2 protein chains.
Amino acid sequence: MQNFQFYNPTRIIFGQDTISQLATYLPKGARILIVYGGQSAINNGTLDEVKTTLAPDFYYQAFGGIEPNPHFETLLKAVDIVKKHKIDFLLAVGGGSVIDGTKFIAQAALYRDDPWKILTKTGVEVKDALPLATVLTLPATGSEMNCRGVITRAETQEKLSFRTELIFPQFSILDPSKTYSLPKRQLENGIVDSFVHTLEQYLTYPVDAKVTDYFAEGILKTLLEIAPDVIHKPDDYQARANFMWAATLALNGILATGVPEDWATHRIGHELTALYGLDHARTLALILPVLWSLKKEEKRAKLLQYALRIWGITSGTDDEKIDSAIEKTVHFFQSLGMKNTLADYGISKDVDLLVARLEQHGHTALGEQGNITLTISRQILERI
Amino acid sequence: MQNFQFYNPTRIIFGQDTISQLATYLPKGARILIVYGGQSAINNGTLDEVKTTLAPDFYYQAFGGIEPNPHFETLLKAVDIVKKHKIDFLLAVGGGSVIDGTKFIAQAALYRDDPWKILTKTGVEVKDALPLATVLTLPATGSEMNCRGVITRAETQEKLSFRTELIFPQFSILDPSKTYSLPKRQLENGIVDSFVHTLEQYLTYPVDAKVTDYFAEGILKTLLEIAPDVIHKPDDYQARANFMWAATLALNGILATGVPEDWATHRIGHELTALYGLDHARTLALILPVLWSLKKEEKRAKLLQYALRIWGITSGTDDEKIDSAIEKTVHFFQSLGMKNTLADYGISKDVDLLVARLEQHGHTALGEQGNITLTISRQILERI
């Protein structure tokens, strides 16, 4: 096991009809900005439910229109509203994009420099942020219980991440029944996203972190088991509950305890989403299997463990076991609507530009061993 | 899955040579009381290391002599020192007893009523507590990352528990190498204690909480795997690291997410420790298998899952599988020095008195279904 630090002060309030508890956990007298995305929070009634709960006791404004891959430009408009109405608490109602956007607003509202520098990390340090909480409607990113976020600048087609303990949600309300109305594509993406989050922390090299490995395997197995029911039974509460909690745990820090982490798939994927607008999860499903094939030697021990413990593969040579595990992973992704190449999504890639973007963002030595060089990233991009 | 709430703000700083980071996480200008137990913190050098780290920057006093099953009477002496020296931060250096004791001191120091009422819950509500942190030297109870504690009043031979979010440690430093000098009996107890903590949350009835079940099984498997090396290789860092993190996770709340909990074994066990001074873990190892045998029907589905997933038992009738799983559990406990009856420990039990104590403490309907009545508790006590 490697040394590690684990800290996660977000309170999770999980289960059916939990939105009714919202007011209990808000600071008395808070002036709230409800931040939401598109029509789904309106259509499924969650936004109204939140407003009804707040109405007797709290001043609030609402700001809608946060895009998937939330835009820097949109978020700055929310910052203006925060300042104008003396907002002192942010409440995200939605999925990862809305929550990530809210985390950015929380920092930008109190930042005394150009807010773009929060993302480029070239300005003064972020030392303060508005408190925030979330009502989750889309399991996928884990943003409801971590202190990370990813923001896109539409103007320059850049997608950049941030991380500070200041933006842990104070609490997050997770009601699985609020996911019943989600479109199939978002559910598919959410399952793949959670699955790959887990693998970014699991599939590296062994360090004898037994509990962390078992926890990661438990989340992978859960996602494999519940995926069909999540996709095909829109009101299967148990499947949605298991999905929601698994997605949260996949990126709340617990799977990183004592182990090395990869994240190359995410870094490369962000460039694809930024340039071509392809769904985050779909970029991950393209890149991960190719990256594994190229880094089979470095990841051999963990690939074999994955083959055995997740897919139950016991026959064949080690190479055959690994190839079989990669193949089964691809099939799982395909069962969730993922395609095999960018061309299948109608995207004509510009590998030179993508590599240049990776270089520009400092991603020249990715992966758990820092050996996903630009040359390797180019090979990955050429194959997808 | 059942509805649940999860909240755990304790920062874990885990790994070799982490005590050197202690001062970084303490509030500037804190006036500290170091709380420790017997000779072990002195002999293994941890206490000196802590003092050396604090010396340049902090005022501190030290209070030693916290007993296993910390005594109310001893803790009141520490409260006097807190008041006399205007202490405003407590630092527990030790295992679960020292940490539980420190959590009690944290409350009692600011409590404006008879401190015994903190335990009997008959006084005014506990509304404040001194901040505290821990340096863990004995993995077992999970107290380093939860908000519970158990205290014994020597005078009346009572062992009572408390729970309030006010006493979550602000941070806990877990350096596995600090466990190298532990005596065998404490290691054996620690493994059994962690194992049973996990089972109290796992072995009830199924509610389709997939991740939580996998997590619990991961901890059980880890403890089974590392037990021999923990006991026989005093300086096996990896075994100790896995033990330490598993013990913490076994009772930090994550295994309770979405599932019913039992805890009857603990409640009954506390009465045995209070009356006869038998080690906490040894009471658990006596009670649990007997309780399972008596509650086989109610726990059938989970006992079968445990038999299959933990012990790999696939042959025989369901009853045979369950009996075999219970038998293997007993053998595991025996391999850790646990005995089979109170008589084996030289204890002559008074079942009537024990049942009267359970009644006196309100433990008349224990277990996940509230059906461990005094009659069932009596049957358990008669068989051990």
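Keep in mind the model is a prediction, meaning the values are calculated, not measured. (Residues numbered from 1 in each chain as written. Chains lettered and ligands numbered in written order. Predicted model: local features only at pLDDT ≥ 70, side-chain atom pairs only at ≥ 80, totals over all residues. Heavy atoms only, no water.)

### A closer look at the overall build of chain A
Part 1 of the argument: Scanning chain A for helices and strands turns up 15 helices and 9 strands.
Part 2 of the argument: Relative to the 2.2 N^0.38 estimate, which gives 21 Å for 384 residues, the radius of gyration of chain A is 20 Å and therefore close to what a compact globule would have.
Part 3 of the argument: The buried share of chain A, reckoned over its 384 residues, is 61%.
Part 4 of the argument: For chain A, the exposed surface amounts to about 13,800 Å²; the carbon and sulfur share of it is 47%.
Part 5 of the argument: Looking at chain A, you have 39 positive and 45 negative side-chain charges, and the mean spots of the two groups are 3 Å apart. (Helix = DSSP H or I, 4+ residues; strand = E, 2+ residues; numbered from the N terminus. Rg over C-alpha atoms; globule rule 2.2 N^0.38 Å. Buried < 20%, exposed > 50% of the residue type's maximum accessible area, 1.4 Å probe, protein only. Areas by Shrake-Rupley, 256 points an atom, 1.4 Å probe, with all protein chains shown as cover. Lys, Arg positive; Asp, Glu negative; His and termini not counted. Charge placed at Lys NZ, Arg CZ, Asp CG, Glu CD.)

### Remarks on the interface of chain B and chain A
Part 1 of the argument: Of the residues lining the interface, 43 residues belong to chain B; the matching set on chain A comes to 43 residues.
Part 2 of the argument: Here chain B and chain A share an interface that buries about 3,700 Å² over both sides, 56% of which is from carbon and sulfur atoms.
Part 3 of the argument: Contact with chain A buries area across many residues of chain B, yet M1, Y214 and F215 of chain B alone supply 18% of it, more than any other trio.
Part 4 of the argument: Counting across the chain B and chain A interface gives 4 salt bridges.
Part 5 of the argument: E165 of chain B is the partner of R11 of chain A in a salt bridge, and the nearest nitrogen-oxygen pair spans 2.9 Å.
Part 6 of the argument: Counting the contacts that link chain B with chain A gives 22 residue pairs in polar contact (both at pLDDT 80 or more).
Part 7 of the argument: The set of elements that each furnish at least two residues to the side of chain B that touches chain A consists of β1 (4–6), β2 (11–14), α8 (210–232) and α9 (237–250) of chain B.
Part 8 of the argument: By residue number, the principal contributor to the side of chain B that touches chain A is α8 of chain B, which donates 11 residues.
Part 9 of the argument: Of the residues that constitute the side of chain B that touches chain A, the class distribution is 23 nonpolar, 14 polar and 6 charged.
Part 10 of the argument: Relative to β2 of chain B, strand β1 (residues 4–6) of chain A is paired through 3 bridges, and the arrangement is antiparallel. Considered in β2 of chain B, the bridge of F6 of chain A is made with I12 of chain B. (Contact = heavy atoms within 4.5 Å. Buried area = accessible area lost by both parts, 1.4 Å probe. Salt bridge = Lys/Arg side-chain N within 4 Å of Asp/Glu carboxyl O. Polar contact = N/O pair within 3.5 Å; in protein donor to acceptor, adjacent residues only side chain to side chain. Nonpolar A, V, L, I, M, F, W, Y, C, P; charged D, E, K, R; others polar. Pairing = 2+ DSSP bridges.)

### Regarding the UniProt feature "domain: Fe-containing alcohol dehydrogenase-like C-terminal" (unreviewed entry) in chain A
Part 1 of the argument: Mapped onto the present numbering, the UniProt feature "domain: Fe-containing alcohol dehydrogenase-like C-terminal" (unreviewed entry) falls on residues 191–350 of chain A.
Part 2 of the argument: With 65% helix and 0% strand, residues 191–350 of chain A has its two end C-alpha atoms placed 28 Å apart. (UniProt positions renumbered as here; feature names shortened; annotations may be inferred.)

### Brief notes about the nonpolar core
Part 1 of the argument: Among the nonpolar cores identified, the biggest contains 234 residues, and Y306 of chain A together with W245 and Y306 of chain B are the most heavily contacted of them.
Part 2 of the argument: Beyond its immediate stretch of four places on either side in the chain, W245 of chain B contacts M1, F4, T212, I254 and T257 of chain A together with I12, F14, M145 and L174 of chain B. (Core = buried A, V, L, I, M, F, W, Y, C linked by side-chain atoms within 4.5 Å.)

### Section: the domain arrangement of chain A
All names here are of chain A.
Part 1 of the argument: Here chain A is partitioned into domain 1 (11–178) and domain 2 (184–383).
Part 2 of the argument: Centre-to-centre separation of domain 1 and domain 2, based on C-alpha positions: 26 Å.
Part 3 of the argument: Domain 1 puts 25 residues into the contact, and the matching count from domain 2 is 25 residues.
Part 4 of the argument: At the boundary of domain 1 with domain 2, total buried surface from both sides reaches about 2,200 Å², with 61% on carbon and sulfur atoms.
Part 5 of the argument: Three residues stand out in domain 1 for area buried against domain 2, namely P139, Q157 and K159, and they jointly supply 26% of the buried area on that side.
Part 6 of the argument: One can count 0 salt bridges joining domain 1 with domain 2.
Part 7 of the argument: For the side of domain 1 that touches domain 2, the secondary structure elements donating two or more residues are β2 (11–14), β7 (148–153) and β8 (158–163). (Domains from an automatic or database assignment.)

### Looking at the sheet that holds strand β5 (residues 89–94) of chain A
Picture the strands of a sheet paired through backbone hydrogen bonds; they go either parallel or antiparallel.
Part 1 of the argument: The strand order across the open sheet formed by 7 strands is β4(A)-β3(A)-β5(A)-β6(A)-β9(A)-β2(A)-β1(B), and the pairing between neighbours is mixed. The sheet terminates laterally at β4 (59–63) of chain A together with β1 of chain B, the two strands that pair on one side only. Adjacent strand axes in the sheet meet at a mean angle of 15°, parallel and antiparallel pairs treated alike.
Part 2 of the argument: Examined bridge by bridge, strand β6 (residues 132–136) of chain A and strand β9 (residues 171–174) of chain A share 3 bridges and lie parallel to one another. Paired with V135 of chain A across the strands is I173 of chain A, a residue of β9 of chain A.
Part 3 of the argument: Docked against the sheet, helix α5 (residues 96–108) of chain A engages β3 (31–36), β5 and β6 of chain A, running at close to 165° with respect to β5 of chain A.
Part 4 of the argument: Strands in contact with helix α9 (residues 237–249) of chain A are β2, β6 and β9 of chain A together with β1 of chain B; relative to β2 of chain A, the strand with the most contacts, it is inclined by about 170°. (Axes fitted to C-alpha atoms, helices over the stretch in contact; angles between N-to-C directions.)

### Points about the sheet that holds strand β9 (residues 171–174) of chain B
Part 1 of the argument: Strand order in the open sheet made by the 7 strands is β1(A)-β2(B)-β9(B)-β6(B)-β5(B)-β3(B)-β4(B), with mixed pairing throughout. Where the open sheet ends on each side, the last strands, each with one partner, are β1 of chain A together with β4 (59–63) of chain B. The mean inter-strand angle of the sheet, taken between neighbouring strand axes irrespective of direction, is 15°.
Part 2 of the argument: Relative to β9 of chain B, β2 of chain B runs parallel, the two sharing 4 bridges. Note on β9 of chain B: the bridge partner recorded for R11 of chain B is F171 of chain B.
Part 3 of the argument: Of the strands in this sheet, β3 (31–36), β4 and β5 (89–94) of chain B touch helix α4 (residues 72–84) of chain B, which is tilted by about 160° from β4 of chain B.

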